[in-house]
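Here is how the chains run, residue by residue.
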Amino acid sequence: MRHIISILLENEAGALSRVSGLFSARGYNIESLTVAPTEDASLSRMTIVTSGSGDVIEQITKQLNKLVEVVKVVDLFEAPHIERELMLIKVRAGAKERDDMKRLSDIFRGRIIDVSEDTFTIELTGTGQKLDAFIEAVGRSAILETARTGACGISRGQRVLRI
């Protein structure tokens, strides 16, 4: 089962390496990883998407909590949450394809952020399933390049990840 684990950790050199090292040392796969400073410059928020049974996720959580740099760990799938992913996708957009690409971008609430003679670069935000659906709708032959951030998530309502 897929899980999004949100980690609050000290913003210092080597913290990311120790967390990712924990995953690789135990043979756990990281599907996506995002990390950035929080409103408190001394802390970063890391979001890891991984898969595993309840026991595996519990073991990962326990191991993460043992790391000195880790302040707090939350499995977002334990409660209602919101998740989003950003994708930049460069597609063929010659004279014949321009209208179709513009229409598809609008349908998926994407924004065309760069235009050249033969290409559009489109920015899309949403769930991973939405981004996958856009890729399928465009067709793999029209795609020149993609860049995806991986999932970023936050709990709904009053539940917060803070110290």
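Residues numbered from 1 in each chain as written. Predicted model: local features only at pLDDT ≥ 70, side-chain atom pairs only at ≥ 80, totals over all residues. Heavy atoms only, no water.

1. A short note on the overall build of the protein chain
On a plain count of helices and strands, the protein chain comes out with four helices and nine strands. Start at the N end of the protein chain and walk to the C end: the helices and strands fall as β-α-β-β-α-β-β-α-β-β-α-β-β. With respect to the principal axes defined by its C-alpha atoms, the protein chain has extents near 55 × 35 × 35 Å. Here the protein chain, with 163 residues, has 40% of them falling under the buried criterion. Of the contacts made within the protein chain by residues no fewer than 6 positions apart, 73% connect residues no fewer than 24 positions apart. Computed over 22 positive and 23 negative side-chain charges, the inter-centroid distance for the protein chain is 3 Å. (Helix = DSSP H or I, 4+ residues; strand = E, 2+ residues; numbered from the N terminus. Buried < 20%, exposed > 50% of the residue type's maximum accessible area, 1.4 Å probe, protein only. Contact = heavy atoms within 4.5 Å. Lys, Arg positive; Asp, Glu negative; His and termini not counted. Charge placed at Lys NZ, Arg CZ, Asp CG, Glu CD.)

2. Section: the sheet that holds strand 3 (residues 43-51)
Strand order in the open sheet formed by four strands is 2-3-1-4, and the pairing between neighbours is antiparallel. Since the sheet does not close on itself, it has two edges, and those belong to strand 2 (32-37) and strand 4 (70-75), each with one partner. When strand polarity is set aside, the average angle formed by the axes of neighbouring strands in this sheet is 15°. Contacts between helix 1 (residues 15-25) and the sheet are confined to strand 1 (2-10), strand 2, strand 3 and strand 4, with strand 3 contributing the most and set at about 20° to the helix. (Pairing = 2+ DSSP bridges. Axes fitted to C-alpha atoms, helices over the stretch in contact; angles between N-to-C directions.)

3. Re the pattern of salt bridges
Tallying each qualifying case throughout the model produces twelve salt bridges. One network of salt bridges, with partners in common, ties together Glu12, Arg18 and Glu69. (Salt bridge = Lys/Arg side-chain N within 4 Å of Asp/Glu carboxyl O.)

4. Section: the environment of Arg159
In this fold, Arg159 is placed in the segment after strand 9 (152-155). Along the sequence, Arg159 and Pro80 sit 79 residues apart, while their C-alpha atoms lie 9.4 Å from each other. Setting aside chain neighbours within four positions, we find Arg159 in contact with Val74, Asp75, Glu78 and Ala79.

5. Some remarks on helix 4 (residues 128-138)
Among the residues of helix 4, those classed as buried are Gly128, Leu131, Phe134, Ile135 and Val138. Across the axial projection of helix 4, the buried residues extend over an arc of 120°, all falling on one side. Of the exposed residues in helix 4, the ones pointing more than 90 degrees away from its buried face are Gln129 and Glu136. At its buried positions, helix 4 is contacted by strand 5 (81-92), helix 3 (98-107), strand 7 (119-126) and strand 8 (143-148). After helix 4 finishes, the residue Gly139 shows a positive phi value of roughly 95°. (Arc of directions from axis to C-beta.)

6. Points about empty space enclosed by the protein
Counted under the stated rule, the structure contains one cavity of 30 Å³ or more. Lining of the largest cavity is provided by Ser6, Arg45, Val74, Leu76, Ile154, Ser155, Arg159, Val160 and Leu161. Residue composition of the lining of the largest cavity, grouped by class: five nonpolar, two polar and two charged. (1 Å grid on protein atoms, 1.4 Å probe; cavity = no way out; pocket = protein on both sides within 12 Å on 5 of 7 lines; lining within 4 Å. Points joined across faces, edges and corners; volume = space filled by probe spheres on them. Nonpolar A, V, L, I, M, F, W, Y, C, P; charged D, E, K, R; others polar.)

7. Quick word on the packing of helix 3 against helix 4
One can describe the packing of helix 3 onto helix 4 by two numbers: an axis separation of 11 Å at closest approach and a directional angle of 160°. One finds that helix 3 runs roughly antiparallel with respect to helix 4. In this structure, the crossing between helix 3 and helix 4 has a hand that is right-handed. In this structure, helix 3 uses Met101, Leu104 and Ser105 to contact helix 4, whose residues at the interface are Phe134, Ala137 and Val138. Class assignment of the residues belonging to the contact of helix 3 with helix 4 gives a composition of five nonpolar, one polar and no charged. (Parallel < 35°, antiparallel > 145°, perpendicular 65-115°, else oblique. Left-handed = near helix turned anticlockwise from the far one by under 90°.)

8. Points about the layout of surface pockets
Empty space within the largest pocket amounts to approximately 170 Å³. Every residue lining the largest pocket is listed: Arg2, Glu31, Ser32, Val49, Glu83, Glu85, Gly128, Gln129, Asp132, Arg148, Gly150 and Ala151. At the level of elements, strand 5 and helix 4 are the ones that each hand at least two residues to the lining of the largest pocket. A total of three residues in the lining of the largest pocket trace back to one element, the largest contributor, which is helix 4. Considering only residue class, the lining of the largest pocket consists of two nonpolar, four polar and six charged.

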